[in-house]
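Breakdown of the fold
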Amino acid sequence: MLPADVPLRHLGPSVLLLLQLLLPSASAFFPNIWSLLAAPGSITHQDLTEEAALNVTLHLFLEQPPPGRPPLRLEDFLGRTLLADDLFAAYFGPGSPSRRFRAALGEVSRANAAQDFLPTSKNDPDLHFDAERLGQGRTRLVEALRETVAAAKALDYTLARQRLGAALHALQDFYSHSNWVELGRQQPHPHLLWPRQELRSLAQAGDPTCSDCEELSCPGNLLGFTLLTSGYFGTRPSKPPGKCSHGGHFDQSSSQPPRGGINKDSTSPGFSPHHMLHLQAAKLALLASIQAFNLLRSRLGDRGFSRLLDITPASSLSFVLDTTGSMGEEINAAKIQARHIVEQRRGTPMEPTQYVLVPFHDPGFGPVFTTSDPDSFWQQLNEMHALGGGDEPEMCLSALELALLHTPPLSDIFVFTDASPKDAFLTNRVESLTQERRCRVTFLVTEDPSRAQGRARREVLSPLRFEPYEAVALASGGEVIFTEDQYIQDVAAIVGDSIADLVTLPLEPRVVVAERPLVFRVDGLLQKVTVRIHGEVSSFWIRNPAGVSQGQEEGEGPLGHTHRFGRFWMVRVNDPPQSGTWEIQVTAKGTPRVRVQAQTSLDFLFHFGIPMEDGPHPGLYPLTQPVAGLQTQMLVEVTGLGSRGGPGGPLPHFSHVVLRGVPQGAELGQVPLEPRGPPERGLLAASLPPTLLSTSGPFSLELVGQDGVGRGLHRAAPQPCAVVPVLLELSGPPGFLAPGTTAPLSLRIASFSGPQDLHLRTSAKPSFALTSNLSRVHLEQNESAWGRLWLEVPDTAASDSVVMVTVTAKNGEASTMPPTHAFLRLLVQAPALQDQLPAPAYSTDPVLNTSRPAFHFFTSVTQGGAGGGLVGNPWWTTFGVMLLLLGLGPW
């Protein structure tokens, strides 16, 4: 808690609303929640970033009343924890999932934390306001914010979140690494986000700034002056005589006179010589982060800002369509489903946020069509017709890769085709991209042997020709559904079901075994349970926990309604489904497929990371997939805890994760989960076992626990994971790609599990010229190699177009290890457009700005991020309420 003699001044003269400003009794500008193991009680970059976003989201909700629902009331959020789940339930309605919003905040937070770990950023003083490079740091900060706006306006929200994370990291570091707090400042710097305002009163090269301090804690080492300075870190650049160091155990410069340092990153004197000012620095960093979010909201508008942070419970709608001459029925089915979704969800919280359409045929694919306007999407789709033809193999995976590049994470993609892929060589890359994007792919494949017109067929068709689709569906958590023309419109109805945030319920066993029922469990938080069976089925039955059964007869039964469309069966179970253990028995020719899905707001997100404990900023370095031989942590974030029945109700508790091999489902082990932060956040951590990190096959995650009254809960991750053999780090230059230029890229490859003989392949989408100085590399255990790539951007490159660079590392031809992929997203923008970005749209004076009403915020921070902040323990005791006006900058 801050001392009572730390007042907070108003940030502007126009005061419209009172809000309590509160912070829990924790006290870092370390990267993320993992950092708290090194410095307990600190406030992290993750805390600051996600809490600022929650505050601005609350204000957006207060200022934009929800359609068809009563407006939110500020008093309902005072004196309680501010949670993303509660915000969504209050604004969009009970049970509205906040999963995408929390995932988007996770992207921003991980990009923020990565600034302390990536080799291209961790030692750059301009990116951390170190070494008195305050003007250069402000320039880079504003550039990153401009890039955020440009990427968002180009609809590349993944890239926008990455640049936003980098910008917020620098902004927050200013208050921890400079002496702004020590100068007695009690509000954010008035010109840091306003590039046309000069930074004044800066210490010059010859000005001594610090005295010598031989202790860990250095409260009085700054010389008595009023100039703004920051500490030097390490040897790049070296510290001049008389200048301050960053400080801490890992700062080489702090052992050179004057010793000590001035950073306020944490509460630990071993890391932060000015640890006693940590809370004051955190307070100002949080307020400055709120300012930055509001600048973005002003520049993007409420709709664009909501897209940036995925402030919606809705999914996107993404179609990949085969447009060859035999596809008339399939295209009509896609049109019917799209029209139904558009009409049914228009103006509701579940209206898709983005529409993506990619056609393909023989021999081409694309272009991609992306819009947020349902009428534009429908018009584009309605203009598509089945034309032409050719041999059966088509460029399906190339079109799917293009769709993945433009589809938001955590989305469903639907592929309509009647042909196998001509570009099967892309299978592994597309598999990895689905997992990197966390997108689920469903293939609707029409195979009608009686059809003789429309598509020319090869005389010999391999029975394995659809295996690439099966591999991509398995890797993405989707499925391949074979049907016929006459049923495609009915089967395509799963499109509308699938974008309603369904979870897939684990089956035991995973595949149908003769004369053995499949078992799945239903809990009280599930609804709209659907059983889908696909194959040459002769009979099946479903039995609920009470012993009531229903067979394959079509129509209404005691458990629900059964539909049959050729080889595809669907049973919609009546709501509410009985809790407990259900059984399915299937008799069929071959191996039928069974999938059980349900709607629920209780779900989870997860990501992996490597503990970084031997540097100045301990934390968790984020990974897309675990790396063989590396100690790897898994962080789990449970969403929808508000579905427990209201504030104060007992919380669900998850105790462990079950790891299973894919696809057979053999148990690989159980890993206990440890809570991180307050229980209402639902943040859990687990250490992956070394035995798992030595395997090469895919594995799935199942979260196991109990609800608030002790009944079992079971949730499965929507996609399997895989341990990759090597670590690939691919990074590009700061800023944008300009047409007619060559961009240098940096590549690092590291092995931690033994000798590796690797072949490297590079590619760019679109097909820009890409060269590399590294094509093969041999690595021993714990060895790394560095490479350079050069991407040539042609003069004709379209502005606002996204470029994806892919590097693939594969062991020798005889190896069974899967390849490792690294993906890098870059944005092309013409210099003229870059120059236009700073043009002011309103007053450059934050006090005089009147283009928006005054903003008012909770400033509560809790360890762990996007779930929420505790409104209960005040930062200070003299100011229980505050009036706040945030001005807007010109960039």
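For clarity, every value in this text was computed on a predicted model and none was experimentally measured.

Definitions and cut-offs
Residues numbered from 1 in each chain as written. Predicted model: local features only at pLDDT ≥ 70, side-chain atom pairs only at ≥ 80, totals over all residues. Heavy atoms only, no water. Helix = DSSP H or I, 4+ residues; strand = E, 2+ residues; numbered from the N terminus. Buried < 20%, exposed > 50% of the residue type's maximum accessible area, 1.4 Å probe, protein only. Areas by Shrake-Rupley, 256 points an atom, 1.4 Å probe, with all protein chains shown as cover. Salt bridge = Lys/Arg side-chain N within 4 Å of Asp/Glu carboxyl O. Disulfide = S-S within 2.5 Å. Contact = heavy atoms within 4.5 Å. Polar contact = N/O pair within 3.5 Å; in protein donor to acceptor, adjacent residues only side chain to side chain. Core = buried A, V, L, I, M, F, W, Y, C linked by side-chain atoms within 4.5 Å. Pairing = 2+ DSSP bridges. Axes fitted to C-alpha atoms, helices over the stretch in contact; angles between N-to-C directions. Phe/Tyr/Trp six-rings, centres within 6.5 Å; stacked < 30°, edge-to-face > 60°. Lys NZ or Arg CZ within 6 Å of the ring centre and 35° of its normal. Parallel < 35°, antiparallel > 145°, perpendicular 65-115°, else oblique. Left-handed = near helix turned anticlockwise from the far one by under 90°. Nonpolar A, V, L, I, M, F, W, Y, C, P; charged D, E, K, R; others polar.

**Quick word on the overall build of the chain**
- Helix and strand content of the chain: 14 helices and 36 strands.
- A buried classification covers 60% of the 891 residues belonging to the chain.
- Total accessible area on the chain is roughly 32,200 Å²; 52% of this is exposed by carbon and sulfur atoms.

**With respect to the pattern of salt bridges**
- Inspection of the entire model under this criterion finds 37 salt bridges.
- Each of the salt bridges in this network shares a partner with another, and the network as a whole consists of E508, R510, R516, R660 and E702.

**What to know about the state of the cysteines**
- Under the criterion given, the structure shown has two disulfides.
- One disulfide bridge connects C210 with C244, the sulfur atoms lying 1.9 Å from each other. Taking the sign of the S-S torsion, 95° for the link of C210 and C244, the bridge is right-handed. Here C244 lies in the loop between α5 (157–177) and α6 (278–308) and C210 lies in the loop between α5 and α6, a separation of 34 residues in the sequence.

**Side note on the environment of S318**
- Secondary-structure assignment places S318 in strand β3 (residues 317–322).
- Owing to a relative accessible area of 0%, S318 belongs among the buried residues under this scheme.
- With near-sequence residues (within four places) excluded, S318 lies in contact with V356, A403, T407, D412, I413 and F414.
- Among the polar contacts made by the side chain of S318, one reaches the side chain of T407 at a distance of 3.0 Å.

**Looking at the environment of M395**
- By the secondary structure assignment, M395 is in the loop between α8 (374–382) and α9 (396–406).
- Taking C-alpha positions, M395 is 6.5 Å from P363, a pair spaced 32 residues apart along the chain.
- Residue contacts for M395: discarding those within four places in its chain leaves F360, H361, P363, G364, F365, K422 and D423.

**Concerning the nonpolar core**
- By size, the foremost hydrophobic cluster in this structure holds 97 residues, and its most contacted members are L309, L400 and F443.
- The element best represented in this core is α6, accounting for 15 residues.
- Ignoring any residue separated from it by four or fewer positions in sequence, one finds F443 in contact with C396, L400, V415, Y469, V472, A473, E479, V480 and I481.
- Core analysis: the second largest hydrophobic core is formed by 37 residues, F606, L623, L630 and L713 among them.

**Details of the sheet that holds strand β6 (residues 412–417)**
- The strand order β5-β4-β3-β6-β7-β8 describes an open sheet built from six strands, whose pairing is mixed. In the strand order of this sheet, the two ends are held by β5 (369–371) and β8 (479–483), each with one partner. The sheet shows a mean angle of 15° between the axes of neighbouring strands, direction not considered.
- Where β6 and strand β7 (residues 440–446) come together, six bridges link them in parallel fashion. Bridge assignment links I413 to a residue of β7, and that residue is V441.
- Helix α7 (residues 328–345) contacts β3, β4 (355–360), β6 and β7 of the sheet and is inclined by roughly 165° relative to β3.
- Here α9 sits on the sheet in contact with β3, β4, β5, β6 and β7, set at roughly 160° to β4.

**Structural notes on the packing of aromatic side chains**
- Going through the model one piece at a time under the given rule, you end up with 23 aromatic pairs.
- Taking 5.4 Å as the distance between ring centres and 75° as the angle between the ring planes, the aromatic pair formed by F466 and F482 counts as edge-to-face. Highlighted residues: F466 in the loop between β7 and α11 (467–476) and F482 in strand β8, separated in sequence by 16 residues.
- One aromatic cluster in this structure is built from F61, F88, Y91, F92 and F101.
- Taking the ring centre of F606 as reference, the NZ or CZ of R438 above it sits at 4.4 Å.
- Over the ring of W541 we find R543; its NZ or CZ atom is 4.2 Å from the centre of that ring.

**With respect to the packing of helix α4 (residues 134–153) against α5**
- Where α4 contacts α5, the axes come no closer than 8 Å and their chain directions differ by 155°. Accordingly, the angle class assigned to the pair α4 and α5 is roughly antiparallel. At the point where α4 passes α5, the crossing takes the left-handed sense. Seen from α4, the contacting residues are L134, L141, A144, L145, E147, T148, A151 and A152; seen from α5, they are Y157, L159, A160, R163, L164, A167, L171 and F174.
- When grouped by side-chain class, the residues that make up the contact of α4 with α5 number 13 nonpolar, one polar and two charged.

**Here's the deal with the side chain of S272**
- With respect to the helices and strands, S272 occurs in the loop between α5 and α6.
- Engagement of the side chain of S272 in a polar contact is seen with the backbone nitrogen of S266, the distance being 2.9 Å.
- If we ignore the near neighbours within four places in the chain, the residues touching S272 are N263, K264, D265 and S266.

**A few points about the pairing of strand β20 (residues 653–661)**
- Across the nine residues that make up β20, a large majority, seven, are buried.
- Note: β20 against strand β24 (residues 698–706), eight bridges, orientation antiparallel. For R660, the partnering residue across the bridge sits in β24 and is S700.
- For β20 and strand β21 (residues 667–672), the ladder comprises five bridges, and the chain directions are antiparallel. The partner of L659 across the bridge, within β21, is G669.
- A loop of five residues connects β20 with β21, the two strands running antiparallel in sequence, and G665 in this loop sits at a positive phi of about 90°.

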